[in-house]
Amino acid sequence: MPAALTFEGVGKVFADGTDALAGLDFHLDHGTFTAVVGPSGGGKSTLLRLAAGLLAPTAGQVIRTLATPGPGAIGYVFQDPTLMPWADVRANVRLPLKLTRMPRREADARVKDALALVGLDAFAGRYPLQLSGGMRMRVAIARALVTEPSLLLLDEPFAALDEITRFRLNDELLRLWQLRRCTVLFVTHSVGEAVYLAERILVLSPRPGRIVTDIAVALPQPRSAALRTSRPFEDLSAAVSRALVEAIQA
Amino acid sequence: MRRLAGLRRALPAALVALALLAGWEAWVRIEAVPTYVLPAPSVIAQTLWQDRADLAAAWLVTMRITLMALLAAAALGTLIAVGLAQSRLLARAFYPYLVALQVTPIVAIAPLIIIWVDSLWAALLICAWIVAFFPIVANTTLGLASADTGLKDLFRLYGASRWQTLMHLQAPTALPYFLAGLRISTGLALIGAVVAEFVAGTGGSASGLAYRILEAGYRLQIPRLFAALLLLSLTGIALHGLMTALSRRLLRHWHASAVAGER
């Protein structure tokens, strides 16, 4: 079976001359959880937008081999929750199904499942303005999962949250991934978060971004809070941090 | 509780009105100002009651033109805005002419329109529309172009059609802008209707409040002039209040302008 997502010599130069990414070569196997760590402004978001097909590369090619191609095969969680403020939680989660014209009955059931999955059943009728930051992010995750995507892309989704909420959502994300087994690409600037979540970490250099290190995270699943203070976790975090610092200095 | 709070909010303005009216009445009586210069509030109120049949008929004529013009401004204005939002070329080609139509004083074009259009009623409607439509076009165009970039990406990701993007993303984003425009246009539609009537200056059956004001002025029926004027401003205030209430109602769950008190 070919990889879920393959980058072949992918480069991206924007119209204004910004050289965001250069010579990206990697592939993601089906059902794996990969994190991309890199400095701010290092083209991490560009990488995700290329993976989603929202941007076209200026060099090389991006190949997606997804179980269910077509719209809805990719879930995307942005840095901000990016919810429609005029729609309640239920309508926000339903949006992808509406846009892909799923019959109402089936959509209702999917929305209900997705809300239950992130523990928001009781808040279906609330509006985004009435929710906390963490709950809004949960809605965004439910929305990304409602189409049952085979590829889930997350762009620093928890960066704006407090640490306690962030830890809790990390655990929830892992639980959802265990449940759904989709291919996950998670972009973050937090080394600890990457090590805690991922099976594999790609370290991105500053602009033009390229992958400088590819680290396998051999920590047991499922992961739990105790892991954060364990020796292997600290060693791995140190290794990733070192790679990041070297990438920035090079 | 909420009704009580509403009363308390209206209290300062009501007190000012009361003080002004009392002062006015007292001054007119003490100085014995002739009625044809400045009638006392009590005289104006009396005239308003005496001439109620005449004034109500005139009020209906003006209201009809105002509301029709406002409706047309909302419908055509939104249509024009959607058209402009569809293509930059279209916007670049037509926007300057919309601006030109807006900045040309209506008193200068009204005579032409009245000559060109056979039906006087239609001519008045067109004049009021020209005055009223622009805020809706300008605001709605801005609103349609203000969709969140992240949401735009999301719509693209799920292969949304142009129609879906318009209906489910651009239109809701534009709603608060549209409503703000509508509020401005409401006042302008009334002003447009009155100005057009002034220019037309016609009598007969289709004469609205503006004509009653002109007529009363010519005949030195100053209390009647004031009564008509009062009716006009009360109408304007009521329409504005109505639009504000509509705006709050439509935006109450999600827009900062409408939920500020709830949190």
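Residues numbered from 1 in each chain as written. Chains lettered and ligands numbered in written order. Predicted model: local features only at pLDDT ≥ 70, side-chain atom pairs only at ≥ 80, totals over all residues. Heavy atoms only, no water.

## Things to note about the overall build of chain A
Right, so step 1: The helix and strand inventory of chain A stands at 7 helices and 9 strands.
Right, so step 2: Over its C-alpha atoms chain A spans a radius of gyration of 18 Å, differing by no more than 12% from the 18 Å that the globule rule assigns to 250 residues.
Right, so step 3: Taken along its principal axes, the extent of the C-alpha atoms in chain A is 55 × 45 × 35 Å.
Right, so step 4: The buried share of chain A, taken over its 250 residues, is 55%.
Right, so step 5: Pairs at least 24 residues apart make up 71% of the contacts formed inside chain A by residues separated by at least 6 positions.
Right, so step 6: Counting only carbon and sulfur atoms, one obtains 53% of the accessible surface of chain A, whose full area is about 10600 Å². (Helix = DSSP H or I, 4+ residues; strand = E, 2+ residues; numbered from the N terminus. Rg over C-alpha atoms; globule rule 2.2 N^0.38 Å. Buried < 20%, exposed > 50% of the residue type's maximum accessible area, 1.4 Å probe, protein only. Contact = heavy atoms within 4.5 Å. Areas by Shrake-Rupley, 256 points an atom, 1.4 Å probe, with all protein chains shown as cover.)

## Thoughts on the overall build of chain B
Right, so step 1: The secondary structure content of chain B amounts to 11 helices and 0 strands.
Right, so step 2: Written out in order from the N terminus, the α and β elements of chain B read α-α-α-α-α-α-α-α-α-α-α.
Right, so step 3: Along the first, second and third principal axes, the C-alpha atoms of chain B reach 75 × 55 × 25 Å.
Right, so step 4: Classification of the 263 residues of chain B by burial places 40% in the buried group.

## Re the sheet that holds strand β9 (residues 211-216) of chain A
Residue and element names in this part refer to chain A.
Right, so step 1: If you trace the 6 strands from one edge of the open sheet to the other, you get β5-β6-β7-β3-β8-β9, paired in mixed fashion. Strand pairing shows two members of the sheet lacking a second neighbour, β5 (74-77) and β9, which therefore form its edges. Going from strand to strand, the sheet's axes swing by 15° on average, the running direction of each strand aside.
Right, so step 2: As judged from the 4 bridges shared by β5 and strand β6 (residues 151-155), these two strands associate in the parallel manner. Along β6, the bridge assignment pairs Ile 74 with Leu 151.
Right, so step 3: Contacts from helix α4 (residues 133-145) reach β5 and β6 within the one sheet, and its direction differs from that of β5 by about 170°. (Pairing = 2+ DSSP bridges. Axes fitted to C-alpha atoms, helices over the stretch in contact; angles between N-to-C directions.)

## Quick notes on unusual backbone geometry
Right, so step 1: Put simply, Arg 207 of chain A and Pro 208 of chain A share a cis peptide bond, and its omega is -10°.
Right, so step 2: On the secondary structure map, Pro 208 of chain A appears in the loop between β8 (200-204) and β9.
Right, so step 3: In this structure, Glu 148 of chain A takes a positive phi of about 50° despite not being glycine.
Right, so step 4: Take Glu 148 of chain A: it is sitting in the loop between α4 and β6.
Right, so step 5: For Ala 32 of chain B, which is not glycine, the phi dihedral falls at a positive 55°.
Right, so step 6: Its relative accessible area of 59% is what places Ala 32 of chain B among the exposed residues.

## A word on the sheet that holds strand β1 (residues 5-13) of chain A
Residue and element names in this part refer to chain A.
Right, so step 1: Ordered in space as β2-β1-β4, the 3 strands form an open sheet in which the pairing is antiparallel. The two strands at the open ends of the sheet, each matched to only one other strand, are β2 (19-28) and β4 (59-64). Between one strand axis and the next, the sheet turns by 20° as a mean value, whatever way the strands run.
Right, so step 2: Relative to β2, β1 runs antiparallel, the two being bridged by 6 bridges. Looking across to β2, one finds that Leu 5 is bridged to Leu 28.
Right, so step 3: Across the sheet, helix α1 (residues 44-52) lies against β1, β2 and β4, angled at about 125° from β1, the strand it touches most.

## Considerations on the environment of Gln 46 of chain B
Right, so step 1: Mapped onto the elements, Gln 46 of chain B comes out in helix α2 (residues 41-50).
Right, so step 2: Sequence separation between Gln 46 of chain B and Trp 129 of chain B is 83 residues; the distance between their C-alpha atoms is 34 Å.

## Here's the deal with the pattern of salt bridges
Right, so step 1: Summed over the entire model, instances satisfying the criterion amount to 15 salt bridges over all chains.
Right, so step 2: Two residues, Arg 138 of chain A and Glu 172 of chain A, come together in a salt bridge whose shortest N-O distance is 3.1 Å. In this pair, Arg 138 of chain A sits in helix α4 while Glu 172 of chain A sits in helix α5 (residues 163-180), placing the two residues 34 residues apart along the sequence.
Right, so step 3: Across the pair Glu 215 of chain B and Arg 224 of chain B runs a salt bridge whose closest N-O atoms are separated by 3.8 Å.
Right, so step 4: Residue classification places Glu 215 of chain B among the buried positions, given a relative accessible area of 11%. (Salt bridge = Lys/Arg side-chain N within 4 Å of Asp/Glu carboxyl O.)

## Examining the packing of helix α3 (residues 52-86) of chain B against helix α10 (residues 222-251) of chain B
Residues and elements named next belong to chain B.
Right, so step 1: Packing of α3 against α10 leaves a shortest axis separation of 11 Å and a crossing angle of 35°. Note on packing geometry: the crossing formed by α3 with α10 is right-handed. Between α3, through Asp 54, Leu 55, Trp 59, Thr 62, Met 63, Thr 66, Leu 67 and Leu 70, and α10, the contact on the second element is made entirely by Arg 224, Ala 227, Ala 228, Leu 231, Leu 232, Thr 235, Leu 239 and Met 243.
Right, so step 2: Taken together, the residues of the contact of α3 with α10 break down into 11 nonpolar, 3 polar and 2 charged. (Left-handed = near helix turned anticlockwise from the far one by under 90°. Nonpolar A, V, L, I, M, F, W, Y, C, P; charged D, E, K, R; others polar.)

## Notes on the pairing of β9 of chain A
Right, so step 1: Alignment of β8 of chain A against β9 of chain A, held across 5 bridges, turns out to be antiparallel. In the strand pairing of β9 of chain A, Leu 202 of chain A is matched with Asp 214 of chain A.

## Brief notes about the interface of chain B and chain A
Right, so step 1: Residue-level contacts link 21 residues of chain B with 26 residues of chain A.
Right, so step 2: Counting each side, the surface lost to burial between chain B and chain A is near 2200 Å², with a carbon and sulfur contribution of 67%.
Right, so step 3: Among the residues of chain B in contact with chain A, Leu 157, Tyr 158 and Trp 254 of chain B are the three that bury the most area, contributing 34% of the side total.
Right, so step 4: Applying the counting criterion to the chain B and chain A interface returns 1 salt bridge.
Right, so step 5: Residue Asp 153 of chain B pairs with Arg 49 of chain A through a salt bridge whose shortest N-O separation is 2.3 Å.
Right, so step 6: Viewed at the interface, chain A and chain B are joined by 3 residue pairs in polar contact (both at pLDDT 80 or more).
Right, so step 7: It is helix α7 (residues 149-157) of chain B that contributes the most residues to the side of chain B that touches chain A, 7 residues altogether.
Right, so step 8: The residue inventory of the side of chain B that touches chain A, partitioned by class, reads 10 nonpolar, 7 polar and 4 charged. (Buried area = accessible area lost by both parts, 1.4 Å probe. Polar contact = N/O pair within 3.5 Å; in protein donor to acceptor, adjacent residues only side chain to side chain.)

Any link to function would need more than the numbers given here.
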